[in-house]
Every structure is written in structure tokens, then in C-alpha cells.
Amino acid sequence: MATLDDTFDQFDEEEAEIPLGATLSGRKRLFSKELRCMMFGFGDDQNPYTESVDLLEDLVIEFITEMTHKAMEIGRTGRVQVEDIVFLVRKDQRKYARVKDLLTMNEELKKARKAFDEVKYAGIGNISTSLMKILLLAI
């Protein structure tokens, strides 16, 4: 009859086979940290179950993969462009609005960086990197 120590040793061996941050399929978990933070922000426990995070990550990866494949089929075949993503989400008002917000914010950040670089190269002053980050976050 197996002893209690033998049973625990068996479980230790099974756990040791899966590398940290990987799944049973061998794929590395890419979004675990971010998903945990998002789940907490949306009302889940501060440390959600690993199974919940893994399931949610599988859904996110599946969504990204499907959207990428669809985007590659429209527009210029084999390439994903921003316009293709906008086209795919155009009928979902929430996703469309979020994409538009993110694109607008991206343009504003580009303009702020460009203006900041012009000020920096004009010799007005030597601003530290940390001050630059604060200025960009304030916009």
C-alpha cells in the first residue's frame, strides 16, 4: 500500500513537468499578470484562481487569433492594417468606439512626442526623461 509520502512525491513529480508560466499544451502564458489586474479591477478577488486566469487568457488568445486571421483575409491579403481592424469591429459599437478612442489617443501622444522633441532640439532646455514622462502622462 502506498504511503502518504509516496502520494505527495507523485504530485510533486507531476507539477514539476510543467514549466512556470506555461500551459499543459506547452504555450507560455503571455497575459496572466495583466488579466489578473483586470479581473481585480472588475471586481474579482485580488488573487483570482489560476484556472480562471488561464481560461480567460485562452479566450483572449482565441479572439486575437480569429481577428488577425479575418484581418489578413480582407484588405491587402497577408497583412494586418489598422483599417482592417476598424472594418471588422465597425458593427460592434462598443468595440468601434474603443478602437477610435485608442487611435485618437495614439495620435495625440505622437503629436506630444513630436512637439517635445522639437522643444528639446531647439535648445530651450535639457529636460530629464522622468519629466518628459510626467508631461506625456499629463496630456
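These notes cover the structure that comes with them. Because the structure is predicted, anything quoted here is derived from the model rather than measured.

So, the overall build of the protein chain
Scanning the protein chain for helices and strands turns up six helices and zero strands. Taken from the N to the C terminus, the helices and strands of the protein chain come in the order α-α-α-α-α-α. With the model as given, the accessible surface of the protein chain reaches about 11700 Å², and the carbon-plus-sulfur share is 59%.

So, the packing of helix H2 (residues 32-41) against helix H3 (residues 50-73)
As a packed pair, H2 and H3 sit with axes 10 Å apart at the nearest point and diverge in direction by 110 degrees. One way to sum up the angle between H2 and H3 is to call them roughly perpendicular. Along its contact with H2, which presents Ser 32, Leu 35, Arg 36 and Met 39, the element H3 presents Thr 50, Ser 52, Val 53, Leu 56, Glu 57 and Val 60.

Observations regarding the side chain of Arg 29
Tracing the sequence through the fold places Arg 29 in the loop between helix H1 (4-16) and H2. Exposure remark for Arg 29: the relative accessible area of 11% places this residue in the buried category. A polar side-chain atom of Arg 29 sits 3.3 Å from the main-chain carbonyl oxygen of Asp 54. Within the structure, the side chain of Arg 29 is placed 2.9 Å from the side chain of Asp 58, a separation counted as a polar contact.

Looking at the pattern of salt bridges
One pass over the full model with this rule turns up five salt bridges. Linking Asp 54 and Arg 29 is a salt bridge whose minimum nitrogen-to-oxygen distance equals 3.4 Å. Pair noted here: Asp 54 is in helix H3 and Arg 29 is in the loop between H1 and H2, with a separation of 25 residues, a long-range link. Judged by relative accessible area, which is 24%, Asp 54 ranks as partly exposed. Among the ionic pairs, Arg 29 bridges to Asp 58, the shortest N-O distance being 2.9 Å. In this pair, Arg 29 is assigned in the loop between H1 and H2 and Asp 58 in helix H3, connecting sequence segments 29 residues apart. Asp 58 gets classed as partly exposed once you look at its relative accessible area, which sits at 33%. Salt bridges linked by common partners bring Arg 29, Asp 54, Glu 57 and Asp 58 together as one network.

Thresholds applied
Residues numbered from 1 in each chain as written. Predicted model: local features only at pLDDT ≥ 70, side-chain atom pairs only at ≥ 80, totals over all residues. Heavy atoms only, no water. Helix = DSSP H or I, 4+ residues; strand = E, 2+ residues; numbered from the N terminus. Areas by Shrake-Rupley, 256 points an atom, 1.4 Å probe, with all protein chains shown as cover. Axes fitted to C-alpha atoms, helices over the stretch in contact; angles between N-to-C directions. Parallel < 35°, antiparallel > 145°, perpendicular 65-115°, else oblique. Contact = heavy atoms within 4.5 Å. Buried < 20%, exposed > 50% of the residue type's maximum accessible area, 1.4 Å probe, protein only. Polar contact = N/O pair within 3.5 Å; in protein donor to acceptor, adjacent residues only side chain to side chain. Salt bridge = Lys/Arg side-chain N within 4 Å of Asp/Glu carboxyl O.

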